[in-house]
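Okay, here's what each chain looks like letter by letter:
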Amino acid sequence: MRMLRIALTSLKARRASLLGAFLALALGVAMTAAMLLGLASAVGAPGGEDLVSLVAALGTAGGVSAFVSAFVVASTYSYAVAQRRRELGLLRLAGATRAQVRRVVLAEALLLGAAASATGCVLGRLGAPALVRWLSGVGMAPPGFALVPAGWPLPAAFATGLLVALAGVAVAARRAGRVGPLDALRAADLDSGVLTAGRLLTGLGLLLTAAVLAGTALADDPADLLHRKTYTTQPMWLISAAGLLSPLLAPPLVRLLGRALPGRLTGYAGRLVPANAAAALRRTGAVAAPVLVSVALTGSLAGALDTVAAARAAEASARTAADLVVVPAPGAGDGPLLAALRAVPGVAALSPTAPTVLGLVEPDGVTVRSEARAVADPSGLAALARLPLLAGSTAGLDDRSLVLPAEWGHRTVGEPVPVVRADGSRTTLRVAAVLRDGVGDNGLYVTAANAPGARVDRVEVRLGPAARVADVRTAALPYGATVLARAEWLAAGTPARTAWLRMALVLGLALVYTGIALANTLLMATADRRRELALLRLAGATRAQVVRLVTAESVLVTAVGAVLGCAVAAVQLGSLRAALAVLHTPAPLVLPWRPVAAVTAGALLVAAACAAPAAAWALRSRPVTAAAR
């Protein structure tokens, strides 16, 4: 109880410096609560298969929120403990044991986490209806989607907040226990022993883990690296490793970037900017950490999204020989339309297909459902499709067979495969052809006889030398069908808006954390430097020169975090490019310059906007008075 009272008193005395951590954790819990409420509603809503994408997006956003909040809280508390070395040393002088000091720090985290989690749950419950309305308004949720009462989301969000708070300060608490009694008598704070052996080994271990995961995926299942779940979670290993190894990576980057600072920005004190940043590694790491995580996630997710979209478009373009794609009107019959298209002079081939669902029965009896294409004319598919075949031929597709990708495990032509049709009926089909795994629509293909209720949603058309596009349009016009060139159809089939909205849902909280954590850390760090800044004033620097020096140092450290984030994103995007090369997919690597530049510019603006007034506030006292403290 005594340690708990000390922790409560310490929180009251330092509430201003911990406001940023409180807000970051509270917002994280609020978003988690809102997403869990949305998940509960999506799971309980009718037509659950249509909500699979929404459930995945909300789950991914919740996971990213937990990771970023833990990363930010750990960074904030690590620096806060370093700032309190003398205070903790006084506790040791007063007779507190190492275990008691650790318990004080953990008790503070528990109290702060409980208050922030409770606040976050209230905010999440208030904001969940707005989130649901936004999801429906932008098309990520079906019309009429609404919250369903559920009892578990708020307790789960509260528990997550506590776990994030405690996990985030676990390392800081252990470091606090190592503070010795004589640290209270030190006249100077030196950043010694920042890169401990344990920190170095853990960082290298995380790098090795990321390399092993990427290498294993490239060898066994390269397409897995292109899945949203993988390219969202994979950067977390690299981000954690870069954060732990920042004391090793930051000094050379500080010296390199410090040369780019204009001399007029800091005047004669220009050399102090990189020197201060390189000497105060804990402060540098705390300021760079939120920038690192936001730039790395933005670059990785935005780059992966654009790269995978480009790969799918290139793959889809290479797998059809169609010149035109005719899209029937919703609800219209396809028989008369197909007859009219076949009557157009010069049409060389038609391939009408329809979407359906097919379940493959695994050897253990589990049925795995997947999207499939129902082929109305197998000869048209053979004439127009350029599918990546590993075995067999699409010409062998009939009412007793199917075409499937290699990822299903059936690689032998003629092998029997038990299936469940869309209407629930069961049959056994033989393998007519096996496709190489890819990133796009490498789904199952069956004939229309095995797709009850399927309606044709596209007709691929190849034109002969004498055919005219205008004749095709004229034939399709009476039936309300839309005629698109192949490039137009590929562009229309790319769900860019939905994908970017999904990424905005995942990244939104991370970017909010960046601003909060960066502003909070800069305010904490600058307030702790009153004596150092007063000594600069006594050495002859003017108030304006000191403010410019602090601002330049903050901008420099923020740039270091951005460079580390870009390095993480580059490694992650490199693994995607390697996966595309293994899959023989002709797609360029898309570099997300604009989102990364926007996030970096925002971080630099926050750094400058917070550092300058914080430095001016720290200099409000007379230099002699501040230096004597």
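A quick note: this is a predicted structure, and the numbers were derived from the prediction, not measured.

### A few points about the packing of aromatic side chains
- The tally for this structure, following the rule as stated, stands at 1 aromatic pair.
- Measuring from ring centre to ring centre gives 6.0 Å for Phe67 and Phe71, while their planes differ by 35°; the resulting arrangement is tilted. With Phe67 and Phe71 both in helix α3 (residues 52–83), this residue pair falls 4 residues apart, about one helical turn. As far as the burial class goes, Phe67 and Phe71 line up, both buried.

### Some remarks on the environment of Arg548
- Assignment of secondary structure puts Arg548 in helix α19 (residues 543–582).
- Using a relative accessible area of 34% as the deciding quantity, one classes Arg548 as partly exposed.
- Here the alpha-carbon distance between Arg548 and Ala616, two residues 68 residues apart in the chain, equals 9.8 Å.

### As for the pairing of strand β6 (residues 416–420)
- The pairing of strand β2 (residues 347–361) with β6 spans 2 bridges and is antiparallel. Across the sheet, residue Gly359 finds its bridge partner in β6, namely Val420.
- The pairing of β6 with strand β7 (residues 426–435) spans 5 bridges and is antiparallel. If you follow Pro418 over to β7, its bridge partner there is Thr428.
- Following β6, the chain reverses through 5 residues before pairing antiparallel with β7; Gly424 in that reversal takes a positive phi of roughly 95°.

### What about the nonpolar core?
- Counting residues in hydrophobic clusters, the biggest one holds 92 residues, and the most contacted among them are Leu135, Leu226, Ile239 and Leu505.
- At 15 residues, the largest contribution of residues to this core is made by helix α12 (residues 281–318).
- Once residues lying within four places of it in the same chain are set aside, the contact partners of Leu135 are Leu54, Leu58, Met140, Ala141 and Leu505.

### Observations regarding helix α7 (residues 197–220)
- Its 24 residues give α7 an end-to-end C-alpha distance of 34 Å, which sits within 8% of 34 Å, the value for a rise of 1.5 Å per residue.
- Along α7, the positions that sit buried rather than exposed are Arg199, Gly203, Leu206, Ala210, Ala214 and Ala217.
- Of the surrounding elements, those touching the buried residues of α7 are α8 (228–244) and α9 (246–258).

### Topic: the environment of Leu201
- As for its position among the elements, Leu201 is in helix α7.
- When the C-alpha positions of Leu201 and Ala241 are compared, they lie 9.9 Å apart, and in sequence the two are 40 residues distant.

Rules behind the numbers
- Residues numbered from 1 in each chain as written.
- Predicted model: local features only at pLDDT ≥ 70, side-chain atom pairs only at ≥ 80, totals over all residues.
- Heavy atoms only, no water.
- Phe/Tyr/Trp six-rings, centres within 6.5 Å; stacked < 30°, edge-to-face > 60°.
- Helix = DSSP H or I, 4+ residues; strand = E, 2+ residues; numbered from the N terminus.
- Buried < 20%, exposed > 50% of the residue type's maximum accessible area, 1.4 Å probe, protein only.
- Pairing = 2+ DSSP bridges.
- Core = buried A, V, L, I, M, F, W, Y, C linked by side-chain atoms within 4.5 Å.
- Contact = heavy atoms within 4.5 Å.
- Expected span 1.5 Å × (residues − 1).

None of this, on its own, says anything about what the molecule does.
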